[in-house]
Structures are given as structure tokens and as C-alpha cells.
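Spelled out, the chains give:
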Amino acid sequence: MFCFHERITGARGTIQVAFTDREGGHSTGSMGSLNLGRTDVDELAAVRANGELVRRALGAELLVATHQVHGREVLVADESFLSGWGRDSWLGEAAGGPPLPQADAIVTDRPGIALVVRVADCVPVLLADATGGVLGVAHAGRAGVDLGVLEATVTAMRRLGAGRIEAVVGPHVCAGCYEVPPQMAEQLETRHPGIRATTRWGSDSLDLGGACGRQLEALGVGWRSVGGCTMTTPVLHSHRRDGDGAGRLAGLVCRVS
Ligand SMILES: [Zn+2]
């Protein structure tokens, strides 16, 4: 179920930090058994059951997810937002609820709430101030890195009182696999020096994980990477590898008492 799972003990409870893989769930077919994203091509009942498995494994009361649009909007999951949020709300319209809020990051200082970021090659980043109990997740794909979604997330966490923030960068398509057109690599390199890289076969690529690390350092945030290339690791979801049939893995962070 988890390709990475760690518990960090803080002054305000335990912080659960996890990334899911394709195993141990209820989905069937090409996307593996643990898909937490696709409700259009997967069975809604399976996705809902997968979410329940993960929620219970983390000891969370609720999952909070967004409709990710490759932007830099941050959803603040505060008391007033959560008052209208139920157990199936993370499934959005697919489960007959209201549409999910559009945002590529979520922050909270509330306990029991598992913030969810869903990816299949983009970089999932989990952030926590374990002392203050302020948490964040961000969807940092090529657009998010370029637009500064991590900066927006850290700013929102500090507004909630976060002090020292540590980040965990999750599995994503690696620089050796993430081929892009030369012009795109060049343009991004001018704005984010060091992002241009080379694929294993010698063409232009982007090192999204490295770029996230540099952005976090510039923000004064400590970080580490759990490793794992989504494209070459069969147990992880990858859009580049599996196309429109790809499921989604989730990065989750939650404070439990
Ligand atoms: Zn790779």
C-alpha cells in the first residue's frame, strides 16, 4: 500500500508521512489495485474503498483532496472549510458531491486531517512543521515548479504559524526519463538554473526533483527525497509509461494524536 511511510513524533502528536503505490487495494485491471485518482476509468467503489484503506492505515478521520490544475493556488483546510467536508468529499462529483476546489496545494493546522496530493510522474511534496503541527502538500509538476507552487505552500503554512518546516519529496519521473523538447528545457533553464538535464538516451530532460530541492532550500525548508522513478518502477503509477490508463499514487501527510 505504501512505498514510503514514516511517523515523526512532534510536540503536538505524531505526523504520518506516506506515499502510496499500486499494490494492496481494490482496483482491477491495468492501473494496479491501489488507484487513488481516477474515478472516470476506475470503479468508484474501488477508489472509495482504496481511500478508506489508506485513511484507516494512517489513523486519519478525513481525507482532503483537490482538483489539481497545474497552478499555484493553495487550499487552506481550516475549521470553516472542514465544517462542510465529509468522509466521501475527497471523491468530489464522482460520488455525487460538490466539485473539488481547484488548487495544487493544501495546508492545515488541524489534527486528524490527511492532506492528499495525487500524481503519476509529477512531484508530490509533503511538508510539516512537526513542532507546531502545521502541514502542507503540493503538486509540483513542470508548471508548478515554474509557477512557484512550493513558495505559495510554504507562505501559506507560515501564515498558519509554521516555524521550522521539513519537506519530503516523493516518487516522480526522474531526470533520466523525463524527456522534453530542447526549447522547453532551455526556457526553463533560464528561469530555474540547474533544471535542465539529460535523459539516459542523451536527449534534453528536466530534473524536477532537483529543482524542487533548490526551491525548498531557498525558502529555508529542509528536505529529503524518498527516491524512486515512477516511469521505471512497475509498482508506481506513471502517466508517461501507462498513458491514459494510468492510475494515481497519493502523497499524504496527517497529524494524529
Ligand atoms: Zn526514470
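Since we're looking at a predicted model, the values are computed, not measured.

Visitor: Go over the packing of aromatic side chains, please, and point to the residues and values.
Guide: Aromatic rings considered in pairs are described by the distance between their centres and by the relative angle of their planes. Taken as a whole, this structure holds two aromatic pairs when the rule is applied. Their ring planes at 50 degrees and their centres at 6.1 Å tell us that Phe4 and Phe19 sit as a pair that is tilted. Separated by 15 residues along the polypeptide, Phe4 in strand 1 (residues 2-10) and Phe19 in strand 2 (residues 13-20) bring together distant segments of the chain. Note on Phe81 and Trp85: the rings are 5.0 Å apart at their centroids and 35 degrees apart in plane angle, and the pair reads as tilted.

Visitor: Just give me the short version of the coordination of the zinc ion, but keep the residues and values in it.
Guide: Every protein donor of the zinc ion is accounted for by Cys174 (SG), Cys177 (SG) and Cys229 (SG), and the metal-donor separations fall at 2.2 to 2.3 Å. When the donor residues of the zinc ion are listed from N- to C-terminus, their spacing reads C-x2-C-x51-C. Of this pair, Cys177 sits in the loop between strand 9 (166-169) and helix 5 (182-191) while Cys229 sits in the loop between strand 12 (222-225) and helix 7 (239-242), placing them 52 residues apart in sequence. For the residue pair Cys177 and Cys229, the accessibility class agrees, reading buried in each case.

Visitor: Break down the sheet that holds strand 13 (residues 249-256) for me, citing the residues and quoting the values.
Guide: Backbone-to-backbone hydrogen bonds join strands into a sheet, with any given pair of strands oriented parallel or antiparallel. Reading across from one edge, 1-2-13-6-3 is the order of the five strands in this open sheet, with mixed pairing throughout. On the outer flanks of this sheet lie strand 1 and strand 3 (62-64), each paired with one strand and no other. For this sheet, the mean angle separating the axes of adjacent strands, direction not counted, is 20 degrees. Alignment of strand 3 against strand 6 (residues 113-119), held across three bridges, turns out to be parallel. By the bridge assignment, Leu62 is partnered in strand 6 with Ile113. Docked against the sheet, helix 1 (residues 44-58) engages strand 1, strand 2, strand 3 and strand 13, running at close to 35 degrees with respect to strand 1.

Visitor: Talk me through unusual backbone geometry; I want residue IDs and the actual numbers.
Guide: For His70, which is not a glycine, the phi torsion comes out positive at approximately 60 degrees. With respect to the helices, strands and loops of the structure, His70 is situated in the loop between strand 3 and strand 4 (74-76). Phi is positive for Asp121, close to 115 degrees, though the residue is something other than glycine. Its place among the elements puts Asp121 in the loop between strand 6 and strand 7 (123-129).

Visitor: Any chance you could break down the environment of Trp85 for me, citing the residues and the numbers?
Guide: Considering the arrangement of structural elements, one finds Trp85 in the loop between helix 2 (79-82) and strand 5 (105-108). We classify Trp85 as buried; its relative accessible area is 12%. With 47 residues separating them in the primary sequence, Trp85 and Arg38 have C-alpha atoms 20 Å apart. Among the polar contacts made by the side chain of Trp85, one reaches the main-chain carbonyl oxygen of Leu63 at a distance of 2.8 Å.

The rules we used
Residues numbered from 1 in each chain as written. Predicted model: local features only at pLDDT ≥ 70, side-chain atom pairs only at ≥ 80, totals over all residues. Heavy atoms only, no water. Phe/Tyr/Trp six-rings, centres within 6.5 Å; stacked < 30°, edge-to-face > 60°. Helix = DSSP H or I, 4+ residues; strand = E, 2+ residues; numbered from the N terminus. Donors = N, O, S within 2.8 Å, 3.2 Å for Na, K, Ca; no water. Buried < 20%, exposed > 50% of the residue type's maximum accessible area, 1.4 Å probe, protein only. Pairing = 2+ DSSP bridges. Axes fitted to C-alpha atoms, helices over the stretch in contact; angles between N-to-C directions. Contact = heavy atoms within 4.5 Å. Polar contact = N/O pair within 3.5 Å; in protein donor to acceptor, adjacent residues only side chain to side chain.

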